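Structural overview
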Amino acid sequence: MSGDIDDRLEEIRNEGLYRRMRCVSGPQGPRVLLDGKPVLLLCSNNYLGLADHPRVREAAAEAAMRYGAGSGASRLISGNMTIHRRLEEQLADFKRSEAALLFGSGYLANAGVVSTLAREGDVVFSDALNHASIIDGCRLSRAETFVYEHCDTDHLEWGLRQAQGRGSLIVTDGVFSMDGDVAPLERIVELGKRYDARVMVDEAHGTGAIGPDGRGAVAEAGLEDEVDLIVGTLGKALGSYGAYVCCDGQVAKYLINTARTLIFSTALSPPAVAAAMAALELLREQPRRVEKLERNALVLRESLADQGLAVPEARTPIVPVIVGDAGEAVRASERALEKGIFAQAIRPPTVSAGSSRLRLTVMASHTPTELRDAAHVVAGCLPAAAREGRVVRTADRDRDAAPARVFDGLRDAA
Ligand code: PLP
């Protein structure tokens with residue numbers, strides 16, 4: 001048995017995909033101690049710098065004293081506390097939805113919601129670059145999954161036509177986690193209406209990062225009343241841990257009764273809930289944090305472009321620098337680390353083979369000078385092909401190389 005695991009680990013090593021966890025001491029600020037070495041943190045999702053904000057920390061500490069460290073049970077047993085309900089009301093108000101329902105994490109929310117909204121005989125339509133938790137939700141659902149090419153609404157429409165009314169759900173990231181681009185939500189919503197499929201948008205990287213007052217990609221597109229379900233996380237811009245689903249009251253009741261990742265998992269801990277509540281309050285009081293984040297994202301993108309790198313056009317804080325080969329990406333990340341920049345290498349299976357990258361993420365708490373200097377360092381750490389823009393980007397590569405996917409064969413494609 002253990003030989004089996006040794007062999008698999010060896011395979012992972014040989015493919016250049018071996019991972020090890022580095023360790024940050026202290027809070028997730030713009031500068032951290034990583035395995036004892038001071039570095040600029042350029043790969044955290046603490047976009048607004050709220051995870052280490054004094055008010056957020058105090059709220060968590062107070063909640064621990066008042067309510068205890070843990071919730072003790074799932075929400076349907078005894079774990080549902082007044083503090084959960086309060087945060088749900090505040091999130092629903094912020095997102096302008098009828099109801100909000102807390103989940104243990106974004107992974108649990110996506111896996112639970114997709115797997116209960118789509119059932120055997122249905123078809124789920126999922127963007128090729130959706131997050132792994134959506135993919136796993138599709139797998140759990142027993143529905144067929146049609147994976148449409150990234151952001152390709154013609155391909156999506158083709159699939160919807162083939163489904164002949166079996167299409168139950170279209171699901172997409174709002175902001176794509178590894179590419180930082182934004183889904184074509186207007187057209188997706190239009191197709192959902194035309195083909196009578198619900199639309200679900202994962203705003204894990206949209207909430208707090210883009211849109212009016214940081215309300216996300218859906219709000220930016222003016223579609224808050226049109227999208228059926230929005231998933232958001234508390235662990236990224238909101239600086240805590242956990243997630244929520246915004247939907248109408250009826251769907252919320254349905255999820256409470258059917259979503260296994262809600263029913264069979266311990267409710268969020270009171271300190272995590274209180275921290276998210278304080279972060280949400282700060283976001284609403286200080287929308288300028290979002291503007292600062294947007295400005296910083298622009299500074300990094302422009303500084304990388306000044307170094308001659310091909311930077312995708314977008315306004316989000318996720319900036320991919322495509323390297324191509326997995327081993328090269330790791331070596332580039334290690335070289336950057338030696339020079340004091342923590343820019344994590346992202347490899348398969350998180351991204352497709354040949355599109356390994358440094359995924360840089362900006363925080364509102366970075367200074368423009370830090371970002372300009374970091375761009376210079378990162379550019380100097382890349383292999384020549386990446387520096388000269390000779391690596392084909394993921395979506396283009398997939399579109400060129402992959403044959404049009406056949407409808408019936410798509411169950412495994414996710
Ligand atoms: N959705 C997207 C797009 C993500 O990037 C992530 C996390 O990285 C998740 C969902 C999962 O959220 P969580 O980390 O809260 O489980």
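For the structure given in this document, a descriptive report is provided here. In this text, all values refer to a predicted model and were calculated from it rather than measured experimentally.

With that settled, consider the sheet that holds strand β11 (residues 318–324). In space, the three strands of this open sheet follow the order β11-β14-β13, with antiparallel pairing throughout. Edge positions in the sheet fall to β11 and β13 (345–346), since each of these pairs with one other strand and no more. Here six bridges tie β11 to strand β14 (residues 356–361), and the two strands are oriented antiparallel to one another. The partner of Ile318 across the bridge, within β14, is Thr361. Against the sheet, helix α14 (residues 326–338) contacts β11, β13 and β14, and its axis sits at roughly 35 degrees relative to β14.

This part takes up the pairing of strand β3 (residues 37–41). With four bridges joining them, strand β2 (residues 31–34) and β3 adopt antiparallel strand pairing. Looking at β3, one finds that Arg31 is bridged to Leu40. Between β2 and the antiparallel strand that follows it, β3, lie two residues; Asp35 among them carries a positive phi value of about 45 degrees. Where β3 meets strand β12 (residues 341–342), two bridges bridge the pair, whose relative direction is parallel. By the bridge assignment, Leu41 is partnered in β12 with Phe342.

Bringing the site of the ligand into the picture now. In the region of the ligand, 13 residues are neighbours, and Gly106, Tyr107, Asp202, His205 and Lys236 sit closest. Here an oxygen atom of the ligand and a side-chain polar atom of His205 are 2.6 Å apart. Within the side chain of Lys236, an N or O atom sits 2.8 Å from an oxygen atom of the ligand. Bound to the protein, the ligand loses 82% of the 380 Å² it would expose on its own. Sort the elements by how many residues they give to the shell around the ligand and helix α5 (residues 106–117) lands first, with three residues. Classifying every residue of the shell around the ligand gives two nonpolar, eight polar and three charged.

Conventions we followed
Residues numbered from 1 in each chain as written. Predicted model: local features only at pLDDT ≥ 70, side-chain atom pairs only at ≥ 80, totals over all residues. Heavy atoms only, no water. Pairing = 2+ DSSP bridges. Helix = DSSP H or I, 4+ residues; strand = E, 2+ residues; numbered from the N terminus. Contact = heavy atoms within 4.5 Å. Axes fitted to C-alpha atoms, helices over the stretch in contact; angles between N-to-C directions. Near = heavy atom within 4 Å. Polar contact = N/O pair within 3.5 Å; in protein donor to acceptor, adjacent residues only side chain to side chain. Areas by Shrake-Rupley, 256 points an atom, 1.4 Å probe, with all protein chains shown as cover. Nonpolar A, V, L, I, M, F, W, Y, C, P; charged D, E, K, R; others polar.

Function cannot be inferred from these measures alone, as they are strictly geometric.
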